Amino acid sequence: MALLDTLEWRYATKKYDPTKKVAQEDVDKILEAARMAPSSSGLQQFRVIVITNQELKEKIVPVAWGQQIVADSSHLLVFAGWDSYTDERIDNTFDKMNALRGLPLDTTDEYKNRLKTQLSSLSGEQQAAHAAKQAYIAFGLAIAQAAELGVDTTPMEGFSNAELDELLGLDKLGLKSAIMLPLGYRMEEQDWLLKLKKFRLPKEEFLIELA
């Protein structure tokens with residue numbers, strides 16, 4: 001399907017068939033789309049946690065305010081951003097980037113140092129929010145890739161970030177959860193949302209053109 005067709009097809013699935021699992025090949029493509037996403041200064045300041053353990057998914061259900069789709073999904077992806085920007089993290093990323101490109105490690109020092117100054121001026125909360133924004137870019141591409149493969153998804157912000165971070169031990173990894181994405185296949189006869197027309201604002205209301 002073309003991208004616009006896939007976006008018309010997809011919706012926030014409300015009922016998954018727990019007996020149907022997404023093939024690993026398709027999961028890998030979805031994750032690769034997230035990995036290849038653009039990010040501010042190329043830092044990739046987020047990670048994707050892939051959860052297939054059924055017991056763990058069941059534990060996340062109450063953290064996700066009782067939403068059973070977490071447990072019924074084939075895979076649960078948690079997008080998490082850095083909890084802060086540190087010199088070590090920034091240096092490490094740019095060193096790897098320059099090494100891959102066959103450049104001296106100090107090639108990007110001028111830009112990197114300006115970036116450190118800019119990011120360090122932000123509060124801890126602002127730094128975490130900035131990193132989370134980058135995670136959302138990857139999140140969007142993962143949704144699009146899933147739709148292209150005919151895999152259903154449900155964007156989920158409805159959960160306790162603090163409780164999820166504690167359950168998954170994300171604080172030990174220097175991460176804060178941003179958003180979750182269950183993957184699976186819709187149970188058509190039991191999904192109330194599938195029966196409703198997709199709603200989007202008309203273009204003339206959505207677009208603001210400045211000529």
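Just so it is clear, the model here is predicted, and its values are computed rather than measured. (Residues numbered from 1 in each chain as written. Predicted model: local features only at pLDDT ≥ 70, side-chain atom pairs only at ≥ 80, totals over all residues. Heavy atoms only, no water.)

Turning to the sheet that holds strand E2 (residues 75–82), a few remarks are in order. Ordered in space as E1-E2-E4-E3, the four strands form an open sheet in which the pairing is antiparallel. Where the open sheet ends on each side, the last strands, each with one partner, are strand E1 (46–51) and strand E3 (152–153). Both E3 and strand E4 (residues 175–184) contribute to a ladder of two bridges, which runs antiparallel. If you follow Thr153 over to E4, its bridge partner there is Leu183. In the packing of helix H7 (residues 124–148) onto the sheet, the strands contacted are E1, E2, E3 and E4, and the crossing angle to E4 comes to about 10°. (Pairing = 2+ DSSP bridges. Helix = DSSP H or I, 4+ residues; strand = E, 2+ residues; numbered from the N terminus. Contact = heavy atoms within 4.5 Å. Axes fitted to C-alpha atoms, helices over the stretch in contact; angles between N-to-C directions.)

Between side chains of opposite charge, a pair can form as their charged atoms come close. The tally for this structure, following the rule as stated, stands at 10 salt bridges. In this structure, Asp91 engages Lys112 in a salt bridge whose closest nitrogen and oxygen atoms are separated by 3.0 Å. One end of the pair, Asp91, is in helix H5 (residues 87–100); the other, Lys112, is in helix H6 (residues 109–120), with 21 residues separating them in the sequence. Take Asp91: its relative accessible area is 22%, and that puts it in the partly exposed class. Residue class for Lys112 comes out buried when judged on its relative accessible area of 7%. Taking the shortest distance from any N to any O, the salt bridge between Asp91 and Lys116 comes out at 2.6 Å. Highlighted residues: Asp91 in helix H5 and Lys116 in helix H6, separated in sequence by 25 residues. Taking relative accessible area as the criterion, Lys116 reaches 15% and is therefore assigned buried. Counted as one network, the salt bridges with shared partners bring together Asp91, Asp109, Lys112 and Lys116. (Salt bridge = Lys/Arg side-chain N within 4 Å of Asp/Glu carboxyl O. Buried < 20%, exposed > 50% of the residue type's maximum accessible area, 1.4 Å probe, protein only.)

Limitation: the analysis is restricted to geometry and does not speak to function.
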